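# Summary of structural features
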Amino acid sequence: MTDILTWTDAHKAGFGRENLTFTHDLHNSPLFTDEALIALIDRYPRDKLEVFTMGYDPTNWGQWFLGRRGAHDGRALMEGVKAGRLWLNLRKVNHADADIGALCEAMFAEIRAKTGVSTLKEDLGLLISSPNAHVFYHLDIPLVTLWQIRGVKHVYVYPPKAPYVSDHDLEGVALRESDEQLRFDPAWDAEAMKVEFVPGQMLTWKQNAPHRIVNQDSVNVSLSIEFMTPAAIWRANVIYANGCLRRWLGLKPALATSPKWLEPFKVVFARLVKMTGGYNGNKSPLKPRFTLDETRPEVLHFDEGVEVPVPSKRAA
Ligand SMILES: [Fe+2]
């Protein structure tokens, strides 16, 4: 079987620990033609498909809105994406669809074979998004591989450390502490890894690296695959424990400089906290704020009281 990704020794050695770009050929796969995507949307559980829209200012994360798709089928949603400002997410589509599931398994079998790293909790999200849509500055607790299938986007990846993210804020994400997103300062772009992301590229970054994504003037189709490794789970548990120690005991742990010999105790502590109900964060599930028009899915009807996004600052 031929490889899905191109691998050099540096890719094999750095995978899961470094920011890396790869090339692939999935943009030519029959799995991702327009008709295949429409059929996939129609096979995917209706209530699991998420529709979002967003504001224009990359520092105003409050303008990230979940919507109601109404009765629209896959073809209408694709039309809405082409003509509007939408961002569709089919989460965990590897669990919902046999063909995508087989592809995801093949990807990770290859990653395990090339790197010797074991992977688990693989979650493949299919993202279909409008020209000029963007995703606000945020970070993910798992590791991520991002695959570009169609369209062009700019991906900005920032170092996973202060000032880009503080220990306190990183812990807050792990603890699902609140709805507050990370603060973003456009001046940080100077230190970011900026990738002009085109079909046939795959990008993976250091665990917890903050990132933001700006579609260029084209419909974008991408795969965002989260996964864990034993080392990534270890780090996630240390962050979780640090968060509890800071909030409950007033300690000031620092992920980068706290003694490594404490980490096994922190991992056990984090597991115990999770087993006994976990840290009680205040993050609330997103509520839908708009509905797609019945006949023109690119037209959005916002609920009363929602600050309707208006074009101002571009996300670059
Ligand atoms: Fe992300």
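What counts as what
- Residues numbered from 1 in each chain as written.
- Predicted model: local features only at pLDDT ≥ 70, side-chain atom pairs only at ≥ 80, totals over all residues.
- Heavy atoms only, no water.
- Donors = N, O, S within 2.8 Å, 3.2 Å for Na, K, Ca; no water.
- Buried < 20%, exposed > 50% of the residue type's maximum accessible area, 1.4 Å probe, protein only.
- Salt bridge = Lys/Arg side-chain N within 4 Å of Asp/Glu carboxyl O.
- Helix = DSSP H or I, 4+ residues; strand = E, 2+ residues; numbered from the N terminus.
- Contact = heavy atoms within 4.5 Å.
- Domains from an automatic or database assignment.
- Buried area = accessible area lost by both parts, 1.4 Å probe.
- Polar contact = N/O pair within 3.5 Å; in protein donor to acceptor, adjacent residues only side chain to side chain.
- Nonpolar A, V, L, I, M, F, W, Y, C, P; charged D, E, K, R; others polar.

The subject of this paragraph is the coordination of the iron ion. Surrounding the iron ion are the protein donor atoms His138 (NE2), Asp140 (OD) and His211 (NE2), at 2.2 Å. Positions of the donor residues of the iron ion along the chain correspond to the pattern H-x1-D-x70-H. The exposure classification of His138 matches that of Asp140, with both residues buried.

With the rule as written, the count across this model stands at 16 salt bridges. For Asp34, the salt bridge goes to Lys82, with nearest N and O atoms at 3.3 Å. Here Asp34 is found in helix H2 (residues 34-43), whereas its partner Lys82 is found in helix H3 (residues 74-83), with 48 residues between them in sequence. On the accessibility criterion, Asp34 (27% relative accessible area) is partly exposed. A residue is classified by how much of its surface remains accessible, and Lys82, at 41% relative accessible area, is partly exposed. Measuring nitrogen to oxygen at the nearest pair gives 2.9 Å for the salt bridge that ties Arg212 to Asp189.

Before going further, it helps to examine H3. What H3 keeps buried is the set Gly74, Ala76, Leu77, Met78, Gly80 and Val81. Of the surrounding elements, those touching the buried residues of H3 are H2, strand E4 (87-90), strand E5 (120-129) and strand E13 (288-292).

So, about the domain arrangement of the protein. Segmentation of the protein into domains returns domain 1 (9-228) and domain 2 (230-276). The centre of domain 1, based on its C-alpha atoms, is set 27 Å off from the matching centre of domain 2. Each partner contributes residues to the interface: domain 1 has 16 residues there, and domain 2 has 15 residues. With both sides pooled, the region where domain 1 packs onto domain 2 buries about 1300 Å², and carbon together with sulfur makes up 63% of that total. At the boundary of domain 1 and domain 2, one finds 3 salt bridges. Arg246 is the partner of Glu171 in a salt bridge, and the nearest nitrogen-oxygen pair spans 2.8 Å. On the surface where domain 1 and domain 2 come into contact, there are 7 residue pairs in polar contact (both at pLDDT 80 or more). Tallying contributions element by element places helix H6 (residues 167-174) first for the side of domain 1 that touches domain 2, with 6 residues. For the side of domain 1 that touches domain 2, the per-class residue count stands at 8 nonpolar, 5 polar and 3 charged.

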